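These are the residues of each chain, in order.
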Amino acid sequence: MSTHVKKPGWLTVNVLNRLVAALTRRGLSVWGSRVLAVRGRKSGQWRTTPVNLLTVDGRRYLVAPRGHVQWTHNMRAAGGGELHLGKNVEVFTAEEVADDDKPPLLRAYLKRWKAEVGVFFNGVGPDSSDDELRRIAPDHPVFEITAAS
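Every value quoted in this text rests on a predicted model; they were computed, and no experiment measured them.

If you walk through the whole model with that rule in mind, you get 6 salt bridges. Linking arginine 59 and glutamate 144 is a salt bridge whose minimum nitrogen-to-oxygen distance equals 2.8 Å. Taken together, the positions of arginine 59 in strand β3 (residues 59-63) and glutamate 144 in strand β6 (residues 142-147) put the pair 85 residues apart, joining distant regions of the chain. Here aspartate 99 makes a salt bridge to lysine 102, at a shortest N to O gap of 2.8 Å.

Moving on, we get to the pairing of β3. For a regular strand, the rule is simple: side chains alternate between the two faces of the sheet. Taken together, the 4 bridges between strand β2 (residues 46-56) and β3 define a ladder with antiparallel strand orientation. Along β3, the bridge assignment pairs leucine 54 with tyrosine 61. If you look at the hairpin formed by β2 and β3, you'll find 2 residues sitting between the two strands, and aspartate 57 has a positive phi there, around 50°.

The next thing to look at is the packing of aromatic side chains. One pass over the structure, following the stated rule, counts 3 aromatic pairs. Geometrically, the ring pair formed by tryptophan 71 and phenylalanine 143 is tilted, given 5.9 Å between the ring centres and 50° between the ring planes. Remark: phenylalanine 143 occurs in strand β6 and tryptophan 71 occurs in helix α2 (residues 70-78); sequence separation between them is 72 residues. Look at phenylalanine 143 and you get buried, because its relative accessible area is 1%. With a centroid separation of 4.9 Å and an interplanar angle of 50°, the aromatic rings of tyrosine 109 and tryptophan 113 are classed as tilted. Of the two residues, tyrosine 109 and tryptophan 113 both sit in helix α3 (residues 103-117), 4 residues apart, roughly one turn of that helix. Summarising the burial analysis for this pair, tyrosine 109 and tryptophan 113 share the class buried. The rings of Tyr109, Trp113 and Phe121 are connected pair by pair, giving a single aromatic cluster.

Conventions adopted
Residues numbered from 1 in each chain as written. Predicted model: local features only at pLDDT ≥ 70, side-chain atom pairs only at ≥ 80, totals over all residues. Heavy atoms only, no water. Salt bridge = Lys/Arg side-chain N within 4 Å of Asp/Glu carboxyl O. Helix = DSSP H or I, 4+ residues; strand = E, 2+ residues; numbered from the N terminus. Pairing = 2+ DSSP bridges. Phe/Tyr/Trp six-rings, centres within 6.5 Å; stacked < 30°, edge-to-face > 60°. Buried < 20%, exposed > 50% of the residue type's maximum accessible area, 1.4 Å probe, protein only.

Put into structure tokens, the structure is as follows:
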């Protein structure tokens, strides 16, 4: 498994993520934003971070543009979590997508959010070939999420 991680800078952590999370908590989705809550794999405490919810062919996904970050490790351990938008809370289960199945999902994600996250994909964009997308796939975890009953 790849260990690729692009840590966010001060501006992202202290301004942008907080702003998007605050708006999302108030029920204003910014281009599909949600606040992801997942239990920490070591502490068991809830951890939150803003994410972009991708929908492709009626199925929903969470993509980690910065790579194998803390929420992805926690998601693997927990097998699911919660998505918050305002007062709405959706409990879900998550299954990690295999690298060979990621190219169309990464393409759709980059088509929608390239301006926001394109810098984390090493020059690969929505118009890149499947081979280029497959090459970077191990660096970007993708989880298919399903609403829990």
